[in-house]
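Structure at a glance
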Amino acid sequence: TVPEDGSTTEFEQFLSYMNDLDENELGLIDYYPLQAKLNRSGANTLLVDVPANHPYGTGSSSEFVFQEVIARIASDFGMAKVQFFTEGTPGIEFGNSGILYELNVSDQFNRGYLLYYPDESAENPFLVPSMRSYETIETAIDAMQAGDKDNGLEPSIPNGFIIDHVEIPNNELVVLSLNDKTVVENEHSFALAIEAIMLTAKDFQFKKVKIESSTIGGIGKFTFNEEWDVPVAPNNMDVYK
């Protein structure tokens, strides 16, 4: 979050504050600002123009991360499509996938959120989307319980957080029912699980989440048996210029 500024758009603020993010302080690899010019075309399209010597075309991991980051930026600002350019010429050449001209943002989602610890001593992990997409939110939740050890991602739903079933009463709401045997052993890990579930619901285009329980009233700021709006974004922190 940044100070509100009515003189600029949120997208313009993002481009400005991107330069101030200190990834090293967070235990992450330096990535921002992007070596690309970002502009908005109308309400629906993000234009991305990279220099000829851009670093995003070597190695499948580099390509994946760059396209994922660009898709997330577009989605955060309500854009459904990305158009790529290299020094004004349509298309960006990637070593593995060839020249890419456009990206459909919706194709990048339906992810489950997992935990990433930048180092073993970190007390607060980052909530991050899975490396793969899932057909249903139920299968995404199953993956959140298993984690992804190959990519260094820990389960976001602990074993004691027992989900009996998932219901989708309408296209805006997802409802999870907890088993009566669920016991809150670690309030912090359970709160993280709830945040991960809400972020996953948002990735599946739901607007609200409800967790039902007949034995637990709630955890921290979350009161069960009530509907919650999905969050704006994960890993909130303040950034000031």
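Whatever comes next refers back to the structure up there.
Throughout what follows, the structure given in this document is the object of discussion. (Residues numbered from 1 in each chain as written. Predicted model: local features only at pLDDT ≥ 70, side-chain atom pairs only at ≥ 80, totals over all residues. Heavy atoms only, no water.)

Our next topic: the nonpolar core. In this structure, Phe 161, Ile 163, Leu 176, Ile 194, Val 209 and Ile 211 are the most contacted members of the largest nonpolar core, which totals 40 residues. Looking at this core, the elements with two or more residues in it are strand 8 (113-116), strand 9 (126-129), helix 3 (137-146), strand 10 (163-170), strand 11 (173-178), helix 4 (187-203) and strand 12 (208-212). Among the elements that take part in this core, helix 4 stands out by supplying 10 residues, more than any other. (Core = buried A, V, L, I, M, F, W, Y, C linked by side-chain atoms within 4.5 Å. Buried < 20%, exposed > 50% of the residue type's maximum accessible area, 1.4 Å probe, protein only. Helix = DSSP H or I, 4+ residues; strand = E, 2+ residues; numbered from the N terminus.)

Another point: the pattern of salt bridges. The full count for this structure, using the stated rule, is six salt bridges. Close ionic contact of Arg 111 with Glu 68 constitutes a salt bridge, the shortest N to O distance being 3.2 Å. Residue Arg 111 is found in the loop between strand 7 (102-104) and strand 8, and its partner Glu 68 is found in helix 2 (residues 60-76); the two are separated by 43 residues along the sequence. On the basis of relative accessible area, Arg 111 is assigned to the buried category, the value being 4%. Classification of Glu 68 by relative accessible area gives buried; the value is 10%. (Salt bridge = Lys/Arg side-chain N within 4 Å of Asp/Glu carboxyl O.)

A few words on the sheet that holds strand 15 (residues 227-229). On the basis of which strands lie adjacent, the open sheet formed by four strands has the order 10-11-12-15 and mixed pairing. Each edge of the open sheet is held by one strand with a lone partner, namely strand 10 and strand 15. The sheet shows a mean angle of 25 degrees between the axes of neighbouring strands, taken without regard to direction. Across three bridges, strand 12 lies against strand 15 in antiparallel orientation. Following the sheet pairing, Lys 210 is matched in strand 15 by Glu 227. Contacts from helix 3 reach strand 10 and strand 11, with the element oriented near 150 degrees to strand 10. (Pairing = 2+ DSSP bridges. Axes fitted to C-alpha atoms, helices over the stretch in contact; angles between N-to-C directions. Contact = heavy atoms within 4.5 Å.)

Turning next to the side chain of Ser 213. Topologically, Ser 213 is positioned in the loop between strand 12 and strand 13 (218-219). A polar contact of 3.2 Å, which involves the side chain of Ser 213, links it to the backbone nitrogen of Thr 215. With sequence-adjacent residues up to four places away left out, Ser 213 is seen in contact with Leu 178, Phe 224 and Asn 225. (Polar contact = N/O pair within 3.5 Å; in protein donor to acceptor, adjacent residues only side chain to side chain.)

Now for the packing of aromatic side chains. Aromatic rings in a pair are described by how distant their centres are and how their planes are angled relative to each other. In this structure the tally under the stated criterion is 11 aromatic pairs. When the ring of Tyr 56 is compared with that of Phe 66, the centres are 4.1 Å apart and the planes differ by 10 degrees; the resulting orientation is stacked. With a gap of 10 residues between them, Tyr 56 in the loop between strand 2 (45-50) and helix 2 and Phe 66 in helix 2 connect regions that are remote in the sequence. You'll find Tyr 56 and Phe 66 in the same group, each marked buried. An aromatic cluster of at least three residues, connected via ring pairs, comprises Tyr 31, Tyr 32, Tyr 56, Phe 66, Phe 84 and Phe 94. (Phe/Tyr/Trp six-rings, centres within 6.5 Å; stacked < 30°, edge-to-face > 60°.)

Moving on to helix 1 (residues 10-17). Taken together, the buried positions of helix 1 are occupied by Phe 11, Gln 13 and Tyr 17. On an axial view of helix 1, the arc spanned by its buried residues comes to 160 degrees, and they lie on one face. In this structure, the buried residues of helix 1 make contact with strand 1 (37-41), strand 2 and helix 2. (Arc of directions from axis to C-beta.)

The side chains of a regular strand alternate between both faces of the sheet. Strand direction decides the pairing type here: strand 11 and strand 12, joined by five bridges, are parallel. By the bridge assignment for strand 12, Ser 177 is matched with Glu 212. Handedness of the β-α-β unit built from strand 11, helix 4 and strand 12 comes out right-handed. (Right-handed = clockwise from strand over helix to strand, strands pointing away.)

Another point: the packing of helix 3 against helix 4. For the pair helix 3 and helix 4, the least separation of the axes is 11 Å and the interaxial angle reads 145 degrees. The two elements helix 3 and helix 4 meet at a crossing, and its hand is right-handed. Of helix 4, the residues touching helix 3 (which contributes Ile 137, Ala 140 and Met 144) are Ala 196, Ile 197, Thr 200 and Ala 201. Of the residues assigned to the contact of helix 3 with helix 4, the class counts are six nonpolar, one polar and no charged. (Left-handed = near helix turned anticlockwise from the far one by under 90°. Nonpolar A, V, L, I, M, F, W, Y, C, P; charged D, E, K, R; others polar.)

This is a description of form; function is not addressed.
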